[in-house]
Amino acid sequence: MKTMSQKTAYIASLATGLLLIFIGVRFFLTPLRAEAGFGIQTGLSSNFAFCYIKGIRDMATGILILALLLNKEFRSLGWLMLCMGIIPITDFLIVLNDAHHQSSHLYPHLTAVLICLTVGPYYLYTTKRSSMQKVTPAQ
């Protein structure tokens, strides 16, 4: 039976991957609404380049998280979560520095930072490194 921490890390990773895909799709389908939900407004109503960049970044990250999770590549997922933690940290700072930000828009970014900085190290410290097997040439 899996431990509670394993289940929690798995569910947090699964939810993060699915949510990132949803957010990415939302930036493509309803860019102005997604931008407002992110916590900033660029003021651009006809050029959605920012939204498309953000959308594809989130979709790709979500797909990668799910691919690693479903293939049980937990150590790789740990590295991804830890290294990609810079994204929600930067997003948090961008929203924080926007003159018109609302406090409620900071919480999702802060939550993402906490998930990355807890789930990432959890997978790194609880998953054994794979031993590289030496391949000898056939004689």
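Up top is the structure.
Residues numbered from 1 in each chain as written. Predicted model: local features only at pLDDT ≥ 70, side-chain atom pairs only at ≥ 80, totals over all residues. Heavy atoms only, no water.

Caption draft 1: Expanded view of the environment of Ile-87. Following the sequence through the fold, Ile-87 ends up in helix H5 (residues 86-96). For Ile-87, a relative accessible area of 19% puts it in the buried group. A C-alpha to C-alpha distance of 9.0 Å links Ile-87 and Ala-112, two positions 25 residues apart in sequence. (Helix = DSSP H or I, 4+ residues; strand = E, 2+ residues; numbered from the N terminus. Buried < 20%, exposed > 50% of the residue type's maximum accessible area, 1.4 Å probe, protein only.)

Caption draft 2: Local environment of the side chain of Asp-58. Here Asp-58 shows up in helix H3 (residues 49-70). Ignoring any residue separated from it by four or fewer positions in sequence, one finds Asp-58 in contact with Leu-20, Ile-21, Ile-23 and Gly-24. (Contact = heavy atoms within 4.5 Å.)

Caption draft 3: Representation of unusual backbone geometry. Even without a glycine there, the phi angle at Lys-72 is positive, about 60°. Mapped onto the secondary structure, Lys-72 falls in the loop between H3 and helix H4 (74-84).

Caption draft 4: View of the nonpolar core. One finds Ala-9, Ala-12, Leu-20, Ile-65, Leu-68, Leu-69, Phe-74, Leu-77, Leu-80, Met-81, Val-119 and Tyr-123 forming the largest nonpolar core, which totals 12 residues. Here this core gets 4 residues from one element, more than from any other, and that element is H4. Excluding residues within four positions of it along the chain, Leu-68 makes contact with Glu-73, Ser-76, Leu-77 and Leu-80. (Core = buried A, V, L, I, M, F, W, Y, C linked by side-chain atoms within 4.5 Å.)

Caption draft 5: Just helix H1 (residues 4-29), in detail. For H1, spanning 26 residues, the distance from its first C-alpha to its last is 37 Å, which sits close to the expected 38 Å at 1.5 Å a residue. Of all the residues in H1, the buried ones are Ala-9, Ala-12, Ser-13, Thr-16, Gly-17, Leu-20, Gly-24 and Phe-27. Residues of H1 that are buried make contact with helix H2 (31-38), H3, H4 and helix H6 (107-126). (Expected span 1.5 Å × (residues − 1).)

Caption draft 6: Just H5, in detail. Those residues of H5 not exposed but buried are Ile-87, Pro-88, Asp-91 and Val-95. The buried residues of H5 occupy one face: seen down the axis, they fall within an arc of 90°. (Arc of directions from axis to C-beta.)

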